[in-house]
Amino acid sequence: MPQKYPPISPKIPRMLHGADYNPDQWQQYPEVLAEDIRLMKLAKCNVMSVGIFAWTAIEPEEGTFTFEWLDHMLDTFAENGIYALLATPTGARPAWMSAKYPEVLRVAANGVRNLHGQRHNHCYTSPIYREKTAIMNQALAERYGKHPAVIGWHISNEYGGECFCDYCQQAFRGWLQAKYGTLEALNHDWWAVFWSHTYTAWAQIEAPAPHGEHLVHGQNLDWKRFVTDQTVDFCRHEIAPLKAANPELPVITNLMGTYLGLNYWKFADVLDVISWDSYPTWHDLAGDVEQGIWVSFIHDIIRSLKGGKPFMLMESTPSVTNWHPVSKLKKDGMHLLASLQAVAHGSDTVQYFQWRKSRGSSEKLHGAVVDHVGHEHTRVFHEVTQVGDALEKLTTVVGTSVQPEVAIIYDWENRWAMEDAQGPRNAGLHFDAAVKAFYRPLWERGVSVDVIDMEQELSGYKLLIAPMLYMVRPGVGERIEAFVANGGTLVATYWSGIVDEHDLCFLGGFPGPLRKTLGIWSEEIDALHDGQTNRIAMVEGNALGIGASYECYELCDLIHEEGAETLAVYQDDFYAGRPALTLNRFGQGKAYYVASRNREPFFGDFVGKILAEAGITRVLPTELPQGVTAQVRTDGQHDYVFLLNFTPEEQAVALDGDVYTDLLQGTSVQGEATIAGYGVRVMMRSTR
Ligand code: GLA
Ligand code: ZN
């Protein structure tokens, strides 16, 4: 049964609306700070992330703390009904620290130590950096851990990057020793005998480097795992003093969507709430529907990280960024649409970078709620206030979640391994595009989706889509086999089951541990140049009842049936007539193998049929207009249906027979719902 999660903070059981706020930049402008409070209330903002890069403002000299400005800020918040996510300031570092303790500075892959500057450039292993962080976080926790305005901790900011200093190299060796025990085991799993790379002492091992070793795939993979573990370990180190002072306050750090550098699944248990920073390029040449689909996909990953628990949209821009190649303004309505898109997928907050535009330095032209003009009479301020208005009407949605019957596997280690492999298509494997091609028909049909890594429990799903599951870690093949045997439907594709967790190829035939479930053997894979195509034709009387042919490109797997039946065959080239799409009836379930990268309308036709066959529930049983999606959150008694229109034109959606209550407009709706161009509607119905 669906459950209702508690709000992020019991102090404020409503949707949160707010921004990164940097009063430390404005201490010489007291009139600005006073005006900010008035404007925050006007914009219906109730939460601010404070102090994210404020280390120097809090500790201007080593051991000298100046908390007075922060005391004043938080007290003022408390008096005005505004809450704070208090940051640990470790995203940036004072110059005095770099000067006195150069070991806190990161060393690049080429072995050269960075100079002081920028942000996010410290060594997570450095004992001094850890010590300084512990002192800072403990001081903050003791002073503010029970402050009435503080509702949670914003840990650092967008952890990322890697350090190659001696401390980190040493820690990497220790990590390897703990993992492998012996050099024999390591040499085997790294296939180190190749090119005489066998190690005979732990001290010989270094992190991958452009001017050194970087072709041992197992080593590259382990380094990436180590970087994640070391970052997670630093995050834990930050959290310890915070939880010691007040275990009730949730700890949160802002993730960067699909950022490849860190395996976000490893953060899930360390954090109380997952949050992320979303900066889509709305109105770009690919179009808003394309953007909308991909942003929805990322929201689904973020929600899935904690099994459906509501997440936070920690950052988004109220207008433009200053780092996209072209900083396009959001058209009227786009801001509300993008904000409620996050809520539709499970966010209980809409937050911005940032509250007030900086006066100087590199982000002075980045969008913010309050512009340099300094007053509220701007288009952006108005659009932000509209979001505040809308969120106030969605209090009953807080804590509700989604219970998808479909999961897509999008696994970080799989991405690392695929990216590293020198293989069939160095010109581009286009993994994200391959995943999006399967996600699109689900989005277009209003089907809820979890996006998971390969370690997650599968038994709750009816349909599992695993595009390009190149790496299959131990136990995964068995769990997928059991999932299908027990009645689940699996969709797998070309370039799957090639390597194990060490990036060693499976012996005895691809797709390795998936071979039995899929009932096929993949003997070879053909890569096509950009512009080259082949076609697949559905065979007569195929089980899906589709009678079409589709263009394919980039990758064509040459497979043999081993129990599976052929649904489509290649039309051209020397493999014309060989199977290109198969179905294996396995136990009580079905396993489909898509051997080629196909173009639309393949995905619409194929996924559409499979959804119907597998009995997957859609948010609405009716057809949605092109560019419109329907998403749902539920508490088991009421469903909250979000209709999101990513086209500039008004669209009409046919409803089922139910009577809906439009929560934003306060009206009752039946039969049909119209949605303005770039519009959104949130409609409540009784759960069936
Ligand atoms: C990131 C950072 C913010 C800010 C924004 C700008 O998300 O966390 O501090 O730099 O980008 O878009
Ligand atoms: Zn280091």
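See the structure shown above.
Residues numbered from 1 in each chain as written. Chains lettered and ligands numbered in written order. Predicted model: local features only at pLDDT ≥ 70, side-chain atom pairs only at ≥ 80, totals over all residues. Heavy atoms only, no water.

Draft legend 1. Spotlight on the sheet that holds strand 23 (residues 660-662). Taken in spatial order, the 5 strands line up as 20-21-26-23-24 in an open sheet, and their pairing is antiparallel. Only two strands of the sheet have a single partner each, and these edge strands are strand 20 (628-634) and strand 24 (667-669). Pairs of neighbouring strands in the sheet enclose a mean axial angle of 30°, with direction left out of account. Of the pairings in the sheet, the one linking strand 21 (residues 638-645) to strand 26 (residues 680-686) comprises 7 bridges and is antiparallel in character. Bridge pairing in strand 26 places Tyr 640 opposite Met 684. Strand contacts of helix 10 (residues 334-344): strand 20, strand 21 and strand 26, with the helix running at about 145° to strand 21, the strand carrying the most contacts. (Pairing = 2+ DSSP bridges. Helix = DSSP H or I, 4+ residues; strand = E, 2+ residues; numbered from the N terminus. Axes fitted to C-alpha atoms, helices over the stretch in contact; angles between N-to-C directions. Contact = heavy atoms within 4.5 Å.)

Draft legend 2. Just the site of ligand 1, in detail. Around ligand 1, the neighbouring residues are Phe 53, Arg 119, Asn 157, Glu 158, Asp 277, Tyr 279, Glu 315, Trp 323, Phe 353, Glu 363 and His 366. A distance of 2.4 Å is found between an oxygen atom of ligand 1 and a side-chain nitrogen or oxygen belonging to Glu 363. Coverage of ligand 1 by the protein amounts to 96% of the 300 Å² it exposes when considered alone. (Near = heavy atom within 4 Å. Polar contact = N/O pair within 3.5 Å; in protein donor to acceptor, adjacent residues only side chain to side chain. Areas by Shrake-Rupley, 256 points an atom, 1.4 Å probe, with all protein chains shown as cover.)

Draft legend 3. Representation of helix 1 (residues 30-42) within the structure. With 13 residues, helix 1 ought to run about 18 Å at 1.5 Å a step, and its terminal C-alpha atoms sit 19 Å apart, in line with that. Among all positions in helix 1, only Val 32, Leu 33, Asp 36, Ile 37, Leu 39 and Met 40 are buried. Positive backbone phi, at 60°, marks Lys 44, one or two positions downstream of helix 1. (Expected span 1.5 Å × (residues − 1). Buried < 20%, exposed > 50% of the residue type's maximum accessible area, 1.4 Å probe, protein only.)

Draft legend 4. Looking closely at the coordination of the zinc ion (ligand 2). Coordination of the zinc ion (ligand 2) by the protein is provided by Cys 123 (SG), Cys 163 (SG), Cys 165 (SG) and Cys 168 (SG), with metal-donor distances spanning 2.3 Å. Angles of 101 to 115° at the metal separate the 4 donor atoms of the zinc ion (ligand 2), which places the site in the tetrahedral class. Residue classification places Cys 165 among the buried residues on the basis of a relative accessible area of 3%. (Donors = N, O, S within 2.8 Å, 3.2 Å for Na, K, Ca; no water. Tetrahedral: all angles 85-135°; square planar, octahedral: opposite > 155°, others 65-115°.)

Draft legend 5. Seen up close, the pattern of salt bridges. Across all of its chains, the model carries 39 salt bridges by this definition. Here Asp 300 makes a salt bridge to Arg 303, at a shortest N to O gap of 2.8 Å. Here Arg 303 and Asp 300 lie together in helix 9 (residues 288-304), a separation of 3 residues that amounts to about one turn. Neither residue differs from the other here; Asp 300 and Arg 303 are each classed as buried. (Salt bridge = Lys/Arg side-chain N within 4 Å of Asp/Glu carboxyl O.)

Draft legend 6. Seen up close, unusual backbone geometry. Phe 353 connects to Gln 354 through a cis peptide bond whose omega is -5°. By the element assignment, Gln 354 lies in the loop between strand 8 (347-352) and helix 11 (379-392). Phe 510 connects to Pro 511 through a cis peptide bond whose omega is 0°. The backbone of His 430 shows a phi angle near 50°, a positive value even though the residue is not glycine. If you trace the backbone, His 430 turns up in the loop between helix 12 (412-420) and helix 13 (431-444). Using a relative accessible area of 38% as the deciding quantity, one classes His 430 as partly exposed. The phi angle at Tyr 678 is positive, at roughly 45°, despite the residue not being glycine. With respect to the element layout, Tyr 678 can be found in the loop between strand 25 (672-675) and strand 26. Classification of Tyr 678 by relative accessible area gives buried; the value is 9%.

Draft legend 7. Structural detail: the pairing of strand 6 (residues 273-277). Most of strand 6 sits inside the fold, with 5 of its 5 residues counted as buried. Alternating residues of strand 6 divide into Val 273, Ser 275 and Asp 277 and Ile 274 and Trp 276, and every residue in both groups is buried. With 4 bridges connecting them, strand 5 (residues 251-255) and strand 6 associate as parallel partners. Pairing of Leu 255 across the sheet is with Trp 276, part of strand 6. Inspection of the sheet shows strand 6 paired to strand 7 (residues 311-315) by 3 bridges, in the parallel sense. By the bridge assignment for strand 7, Trp 276 is matched with Leu 313. Crossover strand 6 to strand 7 through helix 9 is right-handed. (Right-handed = clockwise from strand over helix to strand, strands pointing away.)

Distances and angles like these do not, on their own, reveal function.
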